[in-house]
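# Breakdown of the fold
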Amino acid sequence: MKKSKQFWLFIIAAVLVYTVVQVFIANGTMNQFYSNTLIFIAINIILAVSLHLVIGITGQFSIGHAGFLAVGAYISAIVTMKLDLPFFVAIIVGGIIAALAGLIVGIPSLRLKGDYLAIATLGFAEIIRIVFLNIDYVGGAAGMQVSHLTTWTYAFVCLVITIVVIVNFTNSRHGIAAISVRENEIASDAMGINTTYYKVVAFAIGSFFAGVAGALYSHNFYIIQPSQFGFLKSFDILIFVVLGGLGSLSGAVLSAILLTVVSTYLQGYPETRMIIYSLVLILVMLYRPKGLMGTMEITDYFKLWRTPKGGDQHGK
Amino acid sequence: MEWIQQLINGISLGSIYALIALGYTMVYGIIKLINFAHGDVFMVGSFIGFYSITVFGLGFFPALILSMAACALFGVIIERIAYKRLRNATRIAALITAIGVSLLIEYGVIYIRGAQPEAYPDVFSNRSFEFLGAQISMQSILILSVSVVLMILLQFIVHKTKTGKAMRAVSHDTEAAKLMGINVDNTISATFAIGSALAGAAGVIFGVYYTKIDPLMGVIPGVKAFVAAVLGGIGIIPGAMVGGLVLGVVETIVSALGFSLWRDAAAFIILILILIFRPSGIFGKNTREKV
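Everything numeric here is computed off the predicted structure, so don't read it as measured data.

### Quick look at the overall build of chain B
Secondary structure assignment for chain B yields 11 helices and four strands. Relative to a compact globule of 291 residues, whose C-alpha radius of gyration would be 19 Å, chain B shows 19 Å and is just as compact. Projected onto the principal axes, the alpha-carbon positions of chain B cover approximately 55 × 45 × 35 Å. Pairs at least 24 residues apart make up 76% of the contacts formed inside chain B by residues separated by at least 6 positions. Here chain B displays about 12800 Å² of accessible surface, and carbon together with sulfur accounts for 67% of that area. Once the 20 positive and 14 negative side-chain charges of chain B are each reduced to a mean point, those two points are 12 Å apart.

### Observations regarding the overall build of chain A
Per the secondary structure count, chain A includes 13 helices and two strands. The principal-axis extent of the C-alpha atoms belonging to chain A is close to 55 × 50 × 40 Å. For chain A, buried positions account for 54% of its 316 residues. Taking contacts inside chain A between residues at least 6 apart in sequence as the whole, the part at least 24 apart equals 80%.

### Quick notes on the packing of helix α2 (residues 32–57) of chain A against helix α9 (residues 195–218) of chain A
Residues and elements named next belong to chain A. At a minimum axis distance of 8 Å, the contact between α2 and α9 shows a crossing angle of 165 degrees. Put simply, α2 runs roughly antiparallel to α9. In this structure, the crossing between α2 and α9 has a hand that is left-handed. Contacts from F40, I43, I46, L47, S50, L53 and V54 in α2 reach A202, F203, I205, G206, F209, A210, A213, L216 and Y217 in α9.

### A closer look at the interface of chain B and chain A
A common way to state how big an interface is: give the accessible area lost once the parts meet. Contact residues are listed per partner, giving 43 residues for chain B and 38 residues for chain A. Overall, the association of chain B and chain A removes approximately 3800 Å² of surface from exposure, summing both partners, and the carbon and sulfur fraction of that is 82%. For the interface between chain B and chain A, the tally reads zero salt bridges. Counting across the interface, chain B meets chain A through zero residue pairs in polar contact (both at pLDDT 80 or more). Within the residue set of the side of chain B that touches chain A, elements represented by two or more residues are α3 (60–83), α4 (91–113), α9 (219–232) and α11 (263–277) of chain B. No other element matches the 15 residues that α4(B) contributes to the side of chain B that touches chain A. For the side of chain B that touches chain A, the per-class residue count stands at 34 nonpolar, three polar and six charged.

### Details of the confidence of the model for chain A
When pLDDT is averaged across chain A, the result is 87; 95% of the residues are at 70 or more. When mean pLDDT is compared element by element in chain A, α9(A) scores highest at 94, while helix α13 (residues 298–306) of chain A scores lowest at 69.

### Some details on the environment of B:R278
Residue and element names in this part refer to chain B. In this structure, R278 sits in the segment after α11. The exposure class assigned to R278 is partly exposed, which follows from its relative accessible area of 37%. Put simply, R278 and G233 are 45 residues apart on the chain and 9.2 Å apart in space, counted from C-alpha to C-alpha. Setting aside chain neighbours within four positions, we find R278 in contact with L273 and G284.

### A few points about helix α11 (residues 249–265) of chain A
Residues and elements named next belong to chain A. Across its 17 residues, α11 extends 25 Å between first and last C-alpha, which sits within 8% of the 24 Å expected from 1.5 Å per residue. All buried positions along α11 are accounted for by L249, S250, G251, A252, V253, S255, A256, L259, T260, S263 and T264. The N-cap residue of α11 is S248: its side-chain oxygen and the backbone nitrogen of G251 are 2.9 Å apart.

### Some details on the packing of helix α10 (residues 231–244) of chain A against α4(B)
Where α10(A) contacts α4(B), the two axes come as close as 12 Å, and the packing angle between them is 130 degrees. The angle between the axes of α10(A) and α4(B) places the two elements in the oblique class. Crossing of α10(A) over α4(B) shows left-handed handedness. Within the contact between the two elements, α10(A) uses A:L232, A:F235, A:L238 and A:V242 and α4(B) uses B:I96, B:I99, B:L103 and B:Y107. Of the residues belonging to the contact of α10(A) with α4(B), the class tally is eight nonpolar, no polar and no charged.

### A short note on the side chain of A:H219
Mapped onto the secondary structure, A:H219 falls in the loop between α9 and β2 (223–224). A polar contact is formed between the side chain of A:H219 and the side chain of A:S218, at a distance of 3.1 Å.

### Things to note about the pattern of salt bridges
Residue and element names in this part refer to chain B. Per the counting criterion, the structure on display carries 12 salt bridges over all chains. Salt-bridge contacts for D185 lead to R87; the nearest nitrogen and oxygen are separated by 2.7 Å. With D185 in helix α8 (residues 184–210) and R87 in the loop between α3 and α4, the pair connects residues that are 98 residues apart, well separated along the chain. With relative accessibility at 29%, the residue R87 sits in the partly exposed group. One network of salt bridges, with partners in common, ties together E79, R80, K84, R87 and D185.

### Examining the packing of aromatic side chains
What describes a pair of aromatic rings is the distance from one ring centre to the other and the angle between the planes of the rings. Considering all chains together, one arrives at 25 aromatic pairs over all chains under this definition. Ring centres of B:F60 and B:F61 lie 5.0 Å apart, and the angle between their planes is 75 degrees; on these two criteria the pair is classed as edge-to-face. An aromatic cluster is present here, built from A:F40, A:Y74, A:F132, A:Y217, A:F221 and A:F229 joined pairwise through their rings. Positioned above the aromatic ring of A:Y137 is the side chain of A:K82, whose terminal nitrogen or guanidinium carbon lies 4.6 Å from the ring centre.

### Some details on unusual backbone geometry
Residues other than glycine predominantly adopt negative phi, and peptide bonds predominantly adopt the trans conformation. The residue A:D84 is not glycine, and still its phi comes out positive at about 55 degrees. Residue position: A:D84 is located in the loop between α3 (65–82) and α4 (87–109). Residue A:D84 is classed as exposed on the basis of its relative accessible area of 62%. One non-glycine residue, B:K32, adopts positive backbone phi at about 55 degrees. Relative to the assigned elements, B:K32 resides in the loop between α1 (2–31) and α2 (38–54).

### Points about a nonpolar patch on the surface
The grouping of A:L83, A:L85, A:V131, A:I135, A:Y137, B:W3, B:I253, B:L257, B:F259, B:L261 and B:W262 at the surface amounts to a nonpolar patch, some 1000 Å² of accessible area in total. For B:W262, the position within the fold is in the loop between α10 (237–256) and α11. Relative accessible area serves as the criterion here: at 33%, B:W262 is assigned to the partly exposed category.

### Thoughts on the side chain of B:S46
Residues and elements named next belong to chain B. Position of S46 among the secondary structure elements: in helix α2. According to the relative accessible area criterion, S46 is buried, its value standing at 0%. For S46, the residues in contact, after removing those within four places along its chain, are Y120, G203, V204, G207, I213 and M217.

### What to know about the nonpolar core
A:I63, B:L22, B:F36 and B:Y83 are the most contacted members of the largest nonpolar core, which totals 191 residues. Top contributing element to this core by residue count: α8(B), with 15 residues. With near-sequence residues (within four places) excluded, B:F36 lies in contact with A:I63, A:I119, A:L122, B:Y24, B:L95, B:A98, B:I99 and B:S102.

Rules of the game
- Residues numbered from 1 in each chain as written.
- Chains lettered and ligands numbered in written order.
- Predicted model: local features only at pLDDT ≥ 70, side-chain atom pairs only at ≥ 80, totals over all residues.
- Heavy atoms only, no water.
- Helix = DSSP H or I, 4+ residues; strand = E, 2+ residues; numbered from the N terminus.
- Rg over C-alpha atoms; globule rule 2.2 N^0.38 Å.
- Contact = heavy atoms within 4.5 Å.
- Areas by Shrake-Rupley, 256 points an atom, 1.4 Å probe, with all protein chains shown as cover.
- Lys, Arg positive; Asp, Glu negative; His and termini not counted.
- Charge placed at Lys NZ, Arg CZ, Asp CG, Glu CD.
- Buried < 20%, exposed > 50% of the residue type's maximum accessible area, 1.4 Å probe, protein only.
- Axes fitted to C-alpha atoms, helices over the stretch in contact; angles between N-to-C directions.
- Parallel < 35°, antiparallel > 145°, perpendicular 65-115°, else oblique.
- Left-handed = near helix turned anticlockwise from the far one by under 90°.
- Buried area = accessible area lost by both parts, 1.4 Å probe.
- Salt bridge = Lys/Arg side-chain N within 4 Å of Asp/Glu carboxyl O.
- Polar contact = N/O pair within 3.5 Å; in protein donor to acceptor, adjacent residues only side chain to side chain.
- Nonpolar A, V, L, I, M, F, W, Y, C, P; charged D, E, K, R; others polar.
- pLDDT = per-residue confidence, 0-100.
- Expected span 1.5 Å × (residues − 1).
- Phe/Tyr/Trp six-rings, centres within 6.5 Å; stacked < 30°, edge-to-face > 60°.
- Lys NZ or Arg CZ within 6 Å of the ring centre and 35° of its normal.
- Patch = residues over 30% accessible without salt bridge, like charges linked within 9 Å, V, L, I, M, F, W, Y side chains within 5 Å.
- Core = buried A, V, L, I, M, F, W, Y, C linked by side-chain atoms within 4.5 Å.

So, in C-alpha cells, the structure goes:
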C-alpha cells in the first residue's frame, strides 16, 4: 500500500517536471542549449541507473558499459537510417539487441569475480567497439550519419520507464536475491539462491537500458563513431555510480545530474574536466569508499528526519 | 623467411609487453590490486626518456637509467599517496582509485604539455643485417637484449636478495611476514619501485622502437600487458615474461595475416578465453576459495 502510494507520487512528480519543461521548450523560454543539456542529463541518468543495477545492486563490477551503449546506438541508427522504421521501434530494438549482447557477455564472464570480471567486461566492450570499427555497413572509423530525432519527450519517457522498472526490480524478490549476491555471494549460494541466474538477469536488464540510452544518444547527434564508445565513456558512467554511492539509486541520479552539468560547462576545457573527474574519483574512494550516499536513498533521509528515534535504519 | 622476420618483430613487441607485465604481476602478487596506473607510468617513462635525450642530450643508456630511476620514484609516490590508505578497503574501491590515478596522470600530462604526439629521436643507426634471410634491425636486437638483461636482473633481485625474499614472503602471507619482522610497507614500496622502473625502461624502448609517443599511449599497452600477466598466471614472474612474449607474437601474426585492425581485439579475445577456461593462467595453480 505504502509502496504504491510512493509510486503514484513519483509518477505525479514526473508528469509535473515533464509538463513544466515541455511548456518552457514550446514557448521558447528554454533555448536549444538548455533543452539539449536536459536531454543529455536524462540519457546519463538512464546510463547511471542501469549500471547501478549491475554494480550497486548485484555487486558485479562491470566497467564495460559503453559497449552496450554502442550496441544500442548503432543498432538503433541502423533501424532508423537504413531500414526507415520509426524512432520508438529503434529504441526498443536497440534495447533488445543490447540485452542480447548483455546475455552473451554475461553468461560466460559472470563466472568471474571482482577484478577479473571488471577486466573481462572492459575487454568485451573493447571487442564490441573494434567490431563496429571493422564493419563497413556502419561506416567503420569514419562513423555513421544519424538524423536528430531525440526529443525531450522521448528522453523523459524512457527515463521514467527505466527508473520505475529498476526500482520495482530492486524491491521485488529478484532484487532482494540480487542484493544478497552483492552482500556475500558464497553465503547466498549456500542459502539456495541461484546466483548466476540473478547476476545474468541483472546484467541483461542493465544492458537493455544501456541500449535504450544508446538509441537516444545516437539520435541526439548527427554522427556516431566507434571512438565515442571507448574506455573513457565506460569510466564516465562508472563515475556517476561511484560518486553517488554504490547501491544508491538516487545517488546515481543526483551525481549524473551534477556531473553532466559540470561537464557541460567545462566542455571547452576537456583536460580540466578529466582532472576534476579523476581527483573526485580518488578523493571519494580514499575518504568515503562507499560513495557520497552509501546505500542510502533520498527517501531514507526524509524517514530519518520524520522519525528521529529508532525507525528504519536501512543502509546503516 | 617472412615468418622469421615476423617472429622477431613479435618477440620485440612481446618483450616490451613482458617488461610492463612484470610490474603488474608483482604488484598484483603482493597487494592484489590491478594497478591501472601502471600503463601511465610506462607513458611517463617514455616521456622522461624523450626529454632526457632531446633536452639534456643524453645517450640511450643514460636516458634509460634516468627514466627507470624517475619512474621508480614516481611509482613509490603513487603507492604512498593513493594506494596505501586502501590496503584494507574493498577491492572495488582500490580498483576505482587506480582508474582515477590513471586518468589523473594522463590528463595531468596533457594539461602540462598538451596532447600532441612527439617523434622519438633516432638514437641508433637503422643498420640491419641478414639472418637466415630475414632483415633484423639493430634496434630489435637491442630491445631484446635490454629486456633480457632486465629480466635476469629481476630474477636475481627476487631470488637472491633480502628485499626479494621479503617480497616473496609478503606476497605469500602478509600477516605472517609481518610477524616475522618484515617491514611490509617498505617491501610494498620496493615492489612498486622495481615494477615502475621496469615500466619506465619499457617506455624508453617503446619510444625508440615505434618512434611516436603521446600522453594516451599507455592505455592500450597497459591493458595488453595486464592481459599478458593474466595469460601467464598473475603473480608469477616467469608467467608474465612468457605471457608477454606469447601475446606479442600472436598480435604480430594477426597483423601479418592481414587483420591488422583486429589486432587489439585479439588480445582481448585471448584474455576472455583465458579467464573462462583457465583463470589461473598458464603457470598458475588452482586455489580454492575460503569462506
